[in-house]
Amino acid sequence: MFRRARELGPPMLVPLAWAFVTAAPLAVVTEHTLFIAHVVMAVLLVGFAATGYADMREGVLRTWWRIIAVGSVLTLCGVVGLRLEPTNVALASVALFGWMLLPAAGFVETGRRVNEGTWVYAVGTTGCLLGVTLYAVGLIWGVQTSMVGGLALVGFGQTAGIFDAAIRY
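Here's what I pulled together on the structure shown here.

Definitions and cut-offs
The residue count restarts for each chain, going from 1 along the sequence in the order it is written. The model is predicted, so local features are restricted to residues of pLDDT at least 70 and side-chain atom pairs to those at 80 or more, both for listing and for counting; the totals for chains, interfaces and linings are taken over all residues. Values reported for side chains reflect all heavy atoms of the structure, with hydrogen atoms and water molecules removed beforehand. All axes here are fitted lines through C-alpha atoms, helices being fitted over the stretch that makes contact, and every angle between N-to-C directions spans 0 to 180 degrees. Segments assigned H or I by DSSP are reported as helices when at least four residues long, segments assigned E as strands when at least two residues long, and all are numbered from the N terminus. Here is the rule for angles: anything less than 35 degrees is roughly parallel, anything more than 145 is roughly antiparallel, 65 through 115 is roughly perpendicular, and the remaining ranges are oblique. Here is the rule for handedness: rotate from the far helix to the near one, and if that takes an anticlockwise turn smaller than a right angle the crossing is left-handed, while a clockwise turn gives right-handed. By definition, residues are in contact when any of their heavy atoms lie within 4.5 Å. Residues were grouped as follows: Ala, Val, Leu, Ile, Met, Phe, Trp, Tyr, Cys and Pro as nonpolar; Asp, Glu, Lys and Arg as charged; and all remaining residues, including Gly, as polar. Think of it in three bands: residues with accessible area under 20% of the maximum for their type are buried, residues over 50% are exposed, and the middle band is partly exposed, with areas taken using a 1.4 Å probe on protein chains only. Think of a nonpolar core as a cluster: buried Ala, Val, Leu, Ile, Met, Phe, Trp, Tyr and Cys residues, connected wherever their side-chain atoms sit within 4.5 Å. Patch definition: residues above 30% relative accessible area lacking any salt bridge, with like charges linked at up to 9 Å and the nonpolar side chains Val, Leu, Ile, Met, Phe, Trp and Tyr linked at up to 5 Å. For the area figures, the Shrake-Rupley method with a 1.4 Å probe applies, and any residue is considered shielded solely by the protein chains shown. The salt bridge definition used is simple: a Lys or Arg side-chain nitrogen within 4 Å of an Asp or Glu carboxyl oxygen.

### Remarks on the packing of helix 4 (residues 89-113) against helix 5 (residues 118-141)
Here comes step 1: In the contact formed by helix 4 and helix 5, the axes pass within 8 Å of each other and the chain directions differ by 160°. What the angle tells us is that helix 4 and helix 5 run roughly antiparallel. The interaxial crossing formed by helix 4 with helix 5 has left-handed handedness. Counted together, L96, F97, M100, L101, A104, F107, V108, T110 and G111 of helix 4 and T118, Y121, G124, T125, C128, L129, G131, V132, Y135, A136 and L139 of helix 5 form the full contact between these two elements.
Here comes step 2: Here the contact of helix 4 with helix 5 is built from residues that sort into 14 nonpolar, six polar and no charged.

### What to know about the environment of P103
Here comes step 1: Here P103 lies in helix 4.
Here comes step 2: Residue P103 is classed as buried on the basis of its relative accessible area, which comes to 4%.
Here comes step 3: C-alpha separation for the pair P103 and T63, spaced 40 residues apart in sequence, amounts to 9.9 Å.

### Digging into the side chain of T75
Here comes step 1: Structurally, the position occupied by T75 is in helix 3 (residues 59-83).
Here comes step 2: Contacts of T75, omitting those with residues within four sequence positions, involve H38, M41, A42, L45 and W99.

### Some words on the nonpolar core
Here comes step 1: Counting 25 residues, the largest nonpolar core has W18, I68, L96, W99, M100, Y135 and L151 as the members making the most contacts within it.
Here comes step 2: Contributing elements (two or more residues each) for this core: helix 1 (2-23), helix 2 (31-52), helix 3, helix 4, helix 5 and helix 6 (144-168).
Here comes step 3: Look past the residues within four positions of Y135 in its chain and what remains in contact with it is L96, F97, M100, S146, M147, G150 and L151.
Here comes step 4: Counting seven residues, the second largest nonpolar core, distinct from the first, contains F35, A42, V79 and L82.

### Here we look at a nonpolar patch on the surface
Here comes step 1: Taken together, the side chains of V137, I140, W141 and V143 make up a nonpolar region of the molecular surface, amounting to roughly 440 Å² of accessible area.
Here comes step 2: Here V137 lies in helix 5.
Here comes step 3: Owing to a relative accessible area of 32%, V137 belongs among the partly exposed residues under this scheme.

### What about the pattern of salt bridges?
Two side chains with opposite charge may pair up if their charged atoms get near one another.
Here comes step 1: With the rule as written, the count across this model stands at two salt bridges.
Here comes step 2: One salt bridge in this structure joins R112 and E109, with 2.9 Å as the shortest N-O distance. Here E109 and R112 lie together in helix 4, a separation of three residues that amounts to about one turn.
Here comes step 3: Take E109: its relative accessible area is 16%, and that puts it in the buried class.
Here comes step 4: The residue E109 makes a salt bridge to R113 at a minimum N-O spacing of 2.4 Å.

As structure tokens, then:
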């Protein structure tokens, strides 16, 4: 059962995580809510990396294990950044931009290694790259619609890739 939870957890948690993050610029969730979400995700990521290592030592799974390990550090940066008073924007940004871009590297590598469904990983990569660009433009120019759209694109792209991987592999 635990193994099944490891296989099906990411396709459920990825869209949930991006829904929380996307709700932040809309003031639907508070920074404290984001802090709690980061703590939960940090625990889950570290647990996933620790328990999944034996099954993720080769091929594309090794790439994803590394992404999870690095992502654990990114998430911990977010935990610390959101816990400090006032919020440490630099640390929170490391977590956000890191998680917007890090899976793109995994999608590129996965698309390079698989024979079927490579278009899904292209969608995942594109969603990450266009999404982070749109978000950054919105952040710089203070355009909330651009920020929310960018986060939604990242969430969509990453959800597509993780769902495909969970179903296919």
